[in-house]
Every structure is written in structure tokens, then in C-alpha cells.
Amino acid sequence: MSNESENDIVHTYQLLLTLSFAVSSSKDIDTALLTILQKICETTGWAAGDAWFIEPGDENLIKIRVSYCSDIPRLNDFCAAGRSIQLKKGEGLPGRAWARKNAVWVKELLKLNEFPRKDFALKSGLRTGVAIPIPLNDEVIAVLAFYLLEEADEQHNFIDMVTAIAGQLGVLIKQKQTEEMLKESELRFRSLMQSSPEAIFITDSQGIIIMANPSAERMFGYGKDDLLGQRMEILMPEHFREAHNKGVERYKKTRVPHVIGKMVEVEGLRKDNTIFPIELSVGTWQSNGEDYFSGIIRDITVRKAAEQKMMQKQRDLEQFAYVASHDMKEPLRMISSYTKLLLRNCEPHLDEHSREFGTFIDEAVERMQALIKDLLAYGKVNNEETEKAHVDIAQVLDGVTDALRIKIDETDTRIIYNDLPVVEGNKSQLNQLFQNLIENAIKFRRNEVTPEINVSAKKNGKQWQFTVADNGIGMEQHFEDRVFKIFQRLHSRKDYPGTGIGLAICKKIVENHGGKIWFDSRPGQGTTFYFTLPAAQ
């Protein structure tokens, strides 16, 4: 190996060390790139240089990110003109190097097609250009382009030197990009922390608070220095702390989340010992093998107060309806009694129309009495405390079939149920629930088809899902929003008598037990009601 070759290697190595240090110590990529271009130009005597990067979001365009011009005034216009230029893959000097993944040397720069700055190059006196790709994992991430003030044949030593430098720069630039992305992400995170109206906490694996935003300080009445380094339990009422600690330890042992990733309503404790309702969302992640937890907390005091006010108004309205319905029973009984007495005593003196009017009054009173009876039942379900015990649903069905024996026998209805479970509930309400559903199935039977009702249940976690299926007339599925509302009827009273309250009572009973109710139905194919009840503990 000649002394000249050895000198080139040493020179390249020294320049690479200089550039590596410049990149690693630069505050951002643009500063690092400018340093690279400047060092190469100053060391080799080239007049100007550009760093072209692939446009974010469009992998078919490349654009100048940084330009360097040596201390020659006439070069300034050439460098400034490049800032708005975009080239496609294969276009111009940098586009060709990008497409070929190899260096491209142009001795007569002014003869190059697709050279947007040709006029500026002519005025600046630039004649030769070279573009060298910066690779990373067999892909080009950027291109370095350099320009000379005289025409020159291809300089292999220069190309080899810059190619060697570019091979190392890909990793350094990517590292710098990653650092910038992390920095930007951290800035966004801190901005979110500072501006969020919700309280945000971050704790380590031991539950020690390591970060809290201003909203957290305001919400809980602590200063920043009062919170950092404290255990998270200081923000919890005493009765929550043990469950919280057990939950954290269980998660660290099993990695099975119970609260993590969910929104839960709990209570918070302010510095002045005020307990208030909060909505909490917990997240977790690992760093260097250690667990960290984040908590986003919203004060829901105002919302809870509004909900309580609304619930109180609803209870008052229901109580009014209950009392009014109860007070109307006696006047209606009097109207019914005296109407029947009038019809009986005056029957010889009444014409056909008068007797018909009397019958209308009597029927209207009966409908009103049925309506009041159902309203009272609905009000009772709303107002009574749901005292719960173990309830054997098979025994409930036995009682319901006994109560409905006359209807069942008159319609030849078959009711099938086996292996029904024991649930946690109010026996009186559950009796009414199943009776309403079975009465509905009998009422809405098809002509000339023997009614059949199947009752079954399957375990679903801590609940039992019940099914009450019939082969009746069915209904359109889009009526789902109507059938569970009070006074909503899908059929005329003439065809199917009733008040339109029965299914509303069913819905209220299921909700009282922490479950939900829905149905699946098609006209002429029957209806299947589904509902959930808590399993016996």
C-alpha cells in the first residue's frame, strides 16, 4: 500500500471521528448536517454542499434540508434557491443517486437535465457536481450533494472518502432522529401534563409519586413538593387503601389487569380530609424491568350532584304517580259500583244506546283499574328496597305456573324448564319478572299453534344469562327501544288487551338486580327474551 493511500485512509478516519463527534454533540439533526457539509467542504476544497432528505409522508420526493456555501458571495443565491425544490426519485443529481443507491458524478453540471438551479449555477460559476447516498439497512435515507467551481474528472478518492463517511452517518443520523423524536414526545407529554384539566399522577413500582401535574395539586390541595416522594395512598380514603395495595401486588404477581385500562368511579381524599367522588383511569408500563403506573383522575363532584338531583326528581315523580294511582282506586271503585247498580236498577227503562253507554263506562273503569294496578306495581318495584337472598328459579317457575294454571290450561300452553340455577335476588320481584314474561308469551300466541315456552339458563362469569323463548307471533327487531318503555304498545287494545307496562316492570326488576334485558324476534317466528341475574354467592 502506498504512502498516499495510507494518508487517505488516515485522513478519512480522522474526518469520520471529527464528524461523529460533531453529530453526537449537536443539539439537532440540522446542526449536525450543517457541520458535516462544512467540514467536508473545508477539508476537500469543494465550494458548496446540500443534504437532501426523503419527504415525510411521501417516499417519492426528496428535498433539501440543509445547505452550506463557502465564503463566496456569488454562491448565496444558488444555496437559497434550493430550499423550495423537490425532486422525484431518479430526477436531477440527488434523485439519481437515490434511485441507483450509488454515487453519481457529473463533470459538466450545466448540461444536466432536470437541474432546477441551472441558472444560479451558471451565475455562481459552479461546474461539477457529485451526489452520494447515505444508506441505512440497505435503504437510502438521505443524499449528500457537493459542487465544485471548475470542471473536474471523477475523483475516486473523494467519492470513496464521502461514501465511507456516509456509511457511518446513516446510523448516527438515525440515532439523532430517534433522540429528537423522543425529545419531541417528551415535550408533548409534558405539555399535556401541564395543560390537562384532569389530575395526572405517575408512580413507581412501590406506589411512590414521581410526577404530578398542576391540576393534581389543585384538585387535592397539595403543593408540588408535598406530593413528590409520597405514597399514592395519601390521596385515598382509609377504606380504599387495603384494596388498592392488594390490587397492585396481585397485578405485579399475575400480570392480569382488573382495573388497569378501565374507567372506574371511586373516592379521593384531599389534604383537608375532604372525601370527594372521582373517575379514575389507570395505565401501566415497564422501563428497565421496573413497573410504573399512571393515573388520570377527574373530579365528578358536580356530575354526581346533578345525578343525585335528577334521581331525586325521578323518585319524587314516581312517588307522586304511586300516591295518585293509589288515591284513584277508591273513586274508580265507586264509579264502577254505581254504574253497575244504575244499569241493573234502571235496565227496564233504558234503551239499547243507553245500555251500551253504560257498558262503555264499565269497560273504561276496568281498563283504568288495570292501569292503576300496573302503575302501583311499577312504583313498588321502583320504590322498595331490593332485599336479596338466595332464590331458586325452579321454585319461582313452579309458583308462576301454579298462579297462571287457568290460562295455561285454557290455551294448552307447554312450559318447559329444567336445571335452573339459584341466583342472588329479591324473590317477590323475580316472581313478577317471570310471570310477566310468561303471561306475555301466552297472550301473544299464534292461532292454531300450540303455545310453547322454553326457559333455560347458562353461566356467564358471575352472572346467569336466562332465556325465555316462545313460538308466538313475534315482532320486528327495531321495536327494541319501545317495548321496554312504559305505556308503549305495539298492538291495539282490541286485539291484545293490556296496559303496556309489563315489560317496563321486567326491565326495572332486572336493572334492580344489576343485570340487563334484551330480545331477539322475527314476525311469525316467536320471541326470545334474554336477561342476566347475579349468581348466588
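Cut-offs used in this document
- Residues numbered from 1 in each chain as written.
- Predicted model: local features only at pLDDT ≥ 70, side-chain atom pairs only at ≥ 80, totals over all residues.
- Heavy atoms only, no water.
- Helix = DSSP H or I, 4+ residues; strand = E, 2+ residues; numbered from the N terminus.
- Buried < 20%, exposed > 50% of the residue type's maximum accessible area, 1.4 Å probe, protein only.
- Contact = heavy atoms within 4.5 Å.
- Areas by Shrake-Rupley, 256 points an atom, 1.4 Å probe, with all protein chains shown as cover.
- Pairing = 2+ DSSP bridges.
- Axes fitted to C-alpha atoms, helices over the stretch in contact; angles between N-to-C directions.
- Expected span 1.5 Å × (residues − 1).
- Bend = angle between axes of the 7 residues up to and from the residue.

1. Description of the overall build of the protein chain
Here is step 1 of the chain: Helix and strand counts for the protein chain stand at 16 helices and 18 strands.
Here is step 2 of the chain: The buried share among the 537 residues of the protein chain stands at 39%.
Here is step 3 of the chain: For the protein chain, contacts bridging at least 24 residues in sequence account for 60% of all contacts bridging at least 6.
Here is step 4 of the chain: Surface accessibility of the protein chain: about 30700 Å² in total, with carbon and sulfur atoms responsible for 50%.

2. Things to note about the sheet that holds strand E17 (residues 517–521)
Here is step 1 of the chain: Spatially, E13-E15-E16-E18-E17 is the arrangement adopted by the five strands of the open sheet, whose pairing is mixed. The two strands at the open ends of the sheet, each matched to only one other strand, are strand E13 (414–417) and E17. Neighbouring strand axes in the sheet, compared pairwise and without regard to direction, differ in orientation by 20 degrees on average.
Here is step 2 of the chain: Sheet analysis places E17 next to strand E18 (residues 527–534), joined by five bridges and oriented antiparallel. In the sheet register, Ser521 faces E18, and the bridge partner there is Thr527.
Here is step 3 of the chain: Relative to E13, helix H12 (residues 393–403) is tilted by about 170 degrees, and along the sheet it contacts E13, strand E15 (452–460) and strand E16 (463–470).
Here is step 4 of the chain: Packing of helix H14 (residues 427–443) onto the sheet brings it into contact with E13, E15, E16 and E18, and relative to E18 it is tilted by some 175 degrees.

3. Some details on the pairing of E15
Here is step 1 of the chain: In the sheet, E13 pairs with E15 via four bridges, with the strands oriented parallel. Following the sheet pairing, Tyr417 is matched in E15 by Val455.
Here is step 2 of the chain: A loop of two residues connects E15 with E16, the two strands running antiparallel in sequence, and Gly461 in this loop sits at a positive phi of about 70 degrees.

4. What about helix H6 (residues 156–195)?
Here is step 1 of the chain: In a regular helix each residue adds 1.5 Å, so 40 residues correspond to 58 Å; H6 covers 56 Å between its end C-alpha atoms and thus fits that length.
Here is step 2 of the chain: Where H6 bends most, at Leu169, the angle is about 30 degrees.
Here is step 3 of the chain: Taken together, the buried positions of H6 are occupied by Phe158, Ile159, Met161, Val162, Ile165, Ala166, Leu169, Gly170, Leu172, Ile173, Lys176 and Met193.

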